[in-house]
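Each chain, written out:
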Amino acid sequence: MSEALPASCDLLVIGSGAGGLAAAVTAAALGLDVVVVEKEDHFGGTTAWSGGWMWLPRNPLALAAGIDEDEATIRTYLRHELGDDYDEAFVTTLLEQGPRMVSFFQRETAVDFVDGNLIPDFHGKTPGASTGGRSLCAKPFDGRELGPRLKDLRPPLDEVAPFGMNIGSGADLRHFLNATRKLPSFLHVLHRLARHFADRARHGRGLHLVNGNALAARLLKSADDLGVTLRTSTAAVEMLREGDQIAGAVVETDGRRQRIRAGRGVVLATGGFPHDVERRAELFPHAPTGKEHWSAAPCANTGDGIRLGEAAGGHVQAGLPNAGAWAPVSLVPKPDGSIGRFPHLVERAKPGAIIVRRNGLRFCNEADSYHDVMQALFAATPPGEPAEAWLVCDDAFLRRYGLGRARPRPFPIRPWLRSGYLRRGDTAEALAADCGIDVAGFSGTLAQYNRDAAQGRDPAFGRGETPYNRVQGDPEHRPNPCVAPIGPGPFYAVKIVPGSLGTFAGLKTDAFARVLDRNGAPIPGLYAVGNDMSSMMAGRYPAGGITLGPAMTFGYVAAHHASGVPLANNRS
């Protein structure tokens, strides 16, 4: 049986992703007694599975590199992207407090960052779009520094981590893609694999942590260093009130319930509702029963925090153009009979692959963001049909870049062919027939695409025309890093179904992360951050990192408000 939690604290945080841990760490650094409860047996939430990128314009790393944007340009981009849902208070808070949050964590905690100064915004043709300087990520972290707490950190997502080893964005990933083609890359990969397997033999998991796993680890270490009480396998089941004030929660662990009083309030940070079937049926038009959706977020993210917030008088912000952060996923059969969800975030933009519907026709620029690709699929799917498609390539592409869970050379593809996850045809027509794709439609699509691709062009959808497209492509491929003919055979395909990386619709809050009641008044003592808080981007997706950047920022903001320490208005 777990050791009993304290009967009281200053701040109770429910959930342990970036938003919750940012609030906990900040509050502890400001002198509060903080308790974090996590219903799963690992800390880290969706953050630990994520790419770890944060969209934070004018961050200190960008400024240090000489990227000093005019704030008006950033606001112009957001005004065009968010339209009528642009909220001045939220945008101002992000632009003022985001950079201060970064400086605070660098100065006061074990959290540190690497810049994303070469990462563009998603929509390069929108006024105010940036070609880089608005993003950063957690610096890689040595898991040994977590000590005994390492066992409590969520491991990387199996589907995207070969042998349980996360691969970092940028140079690390390029080395892995070039391992069979370039000696320096081969040596880099050899070193990474040798270290990883040595760590697994000694510690049961890899210790070179990157991406979101590094962010979660750094936050976890910081919480430990600052004396935060951290407890896994503990679910919040009821809010406590004292008059109008939210004053704590009832939690359950080992079948035993306990009241925890929180004098400064409660922060909801349970990761939204990607696996709440009833809420999906209500808010996802493509999932009328709630079951026609396959999120890549942890299965424990079932909307607990949102329900607790509603029971306390809060409400979910309805009417967003998109209630989720859509992503194309493929369903991966596992040896134990379960089904994994592979999010297709990288290979779509590489030269030599297209996505077609069952009619054999393309419907999108495959190199656009995962969210945009899914929006295009929803728009192209006739009413009553499932929103499904096929990601198609040839043998050279598969061996060079991989296709979903089927990894590139030297990994074998036969197991994926046997399971039916990966489809193969010696000819384009044979592949189409095996996948149930209209043969004539696909043949015509492939012929037209190849004629244009031979010249590095994609007049149908403009693939490779924006900075984001080109960064996602292969810089060594000319003239267009995103476009190459497909063929000769054999040809391969995996089936794409609707998925998400998380949810956008959440509890309506103000810019201090205070949950609002239906009259628009703050509920005293109740905060929501991360995906429990309705996204300030209001169902839009202007750039990578627009979940974690605001999650960290508003966790920092909520902690200041709960502690009574004023936020500084000047920038770092």
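Residues numbered from 1 in each chain as written. Predicted model: local features only at pLDDT ≥ 70, side-chain atom pairs only at ≥ 80, totals over all residues. Heavy atoms only, no water.

Caption draft 1: Inspection of helix α7 (residues 211–225) at higher detail. Between its first and last C-alpha, α7 extends 21 Å over 15 residues, near the 21 Å set by a 1.5 Å rise per residue. Buried residues dominate α7, accounting for 13 of its 15 residues. A positive backbone phi angle near 80° is found at G227, which sits one or two residues after α7. (Helix = DSSP H or I, 4+ residues; strand = E, 2+ residues; numbered from the N terminus. Expected span 1.5 Å × (residues − 1). Buried < 20%, exposed > 50% of the residue type's maximum accessible area, 1.4 Å probe, protein only.)

Caption draft 2: How the structure looks around the nonpolar core. With 137 residues, the main nonpolar core has L12, V34, F105 and L422 as its most contacted residues. Not counting the four nearest positions on each side in its chain, F105 is found in contact with A22, V25, T26, V111, F113, L219 and M552. Counting residues in hydrophobic clusters, the runner-up holds 20 residues, among them A367, A432, F442 and I486. (Core = buried A, V, L, I, M, F, W, Y, C linked by side-chain atoms within 4.5 Å. Contact = heavy atoms within 4.5 Å.)

Caption draft 3: Examining empty space enclosed by the protein more closely. Within the structure shown, the criterion is met by four cavities of 30 Å³ or more. If you add up the space inside the largest cavity, you get close to 140 Å³. Around the largest cavity sit 15 residues that line it, and G530, S535, I546, T547 and P550 are the ones nearest its centre. With three residues, the top contributor of residues to the lining of the largest cavity is helix α16 (residues 548–563). (1 Å grid on protein atoms, 1.4 Å probe; cavity = no way out; pocket = protein on both sides within 12 Å on 5 of 7 lines; lining within 4 Å. Points joined across faces, edges and corners; volume = space filled by probe spheres on them.)

Caption draft 4: Structural view of the layout of surface pockets. Within this model, the second largest pocket holds a volume of roughly 400 Å³. Lining the second largest pocket are 24 residues, with P285, H286, P288, F378 and A387 positioned closest to its centre. For the lining of the second largest pocket, the residue count by class is 15 nonpolar, six polar and three charged. (Nonpolar A, V, L, I, M, F, W, Y, C, P; charged D, E, K, R; others polar.)

Caption draft 5: How the structure looks around the pattern of salt bridges. By the definition in use, this model includes 37 salt bridges. A salt bridge links R195 to D199; its shortest N-O distance comes to 3.5 Å. Of this pair, R195 and D199 both sit in helix α6 (residues 183–203), four residues apart, which is roughly one turn of that helix. Classification of D199 by relative accessible area gives buried; the value is 2%. Between D304 and R307 there is a salt bridge; the shortest N-O distance is 2.7 Å. With D304 and R307 both in helix α9 (residues 304–311), this residue pair falls three residues apart, about one helical turn. By relative accessible area, which is 17% here, D304 ends up buried. Given a relative accessible area of 36%, R307 falls into the partly exposed group. (Salt bridge = Lys/Arg side-chain N within 4 Å of Asp/Glu carboxyl O.)

Caption draft 6: Fine view of the pairing of strand β13 (residues 339–343). As paired strands, strand β12 (residues 324–333) and β13 are joined by five bridges and run antiparallel to one another. Following the sheet pairing, S330 is matched in β13 by F342. Here β12 hands over to β13 after five residues, with G337 in that stretch at a positive phi of 95°. (Pairing = 2+ DSSP bridges.)

Caption draft 7: Highlighting the pairing of strand β1 (residues 8–14). Counting buried positions over the seven residues of β1 gives five, a clear majority of the element. Two elements, β1 and strand β11 (residues 256–268), share six bridges in a ladder whose sense is parallel. Within the sheet, the bridge partner assigned to L12 lies in β11 and is V266. In the classification by handedness, the crossover that spans β1, the intervening helix α1 (residues 18–29) and the parallel strand β2 (residues 34–37) is right-handed. (Right-handed = clockwise from strand over helix to strand, strands pointing away.)

Caption draft 8: Main features of the packing of aromatic side chains. Scanning the model with the defined rule gives 13 aromatic pairs in all. Look at F104 and F105: their rings are 5.5 Å apart centre to centre, the planes differ by 85°, and that puts the pair in the edge-to-face class. Between the aromatic rings of F122 and Y541, the centroid separation amounts to 5.5 Å while the plane-to-plane angle is 35°, which identifies the pairing as tilted. Highlighted residues: F122 in the loop between β4 (113–115) and β5 (135–138) and Y541 in the loop between β19 (522–528) and α16, separated in sequence by 419 residues. The class for F122 is buried, based on a relative accessible area of 5%. Judged by relative accessible area, which is 6%, Y541 ranks as buried. Feature note: the residues F122, Y370, Y468, F504 and Y541 constitute an aromatic cluster, connected by ring pairs. Across from the ring centre of W49, 5.0 Å away, lies the NZ or CZ of R154, which sits over that ring. (Phe/Tyr/Trp six-rings, centres within 6.5 Å; stacked < 30°, edge-to-face > 60°. Lys NZ or Arg CZ within 6 Å of the ring centre and 35° of its normal.)

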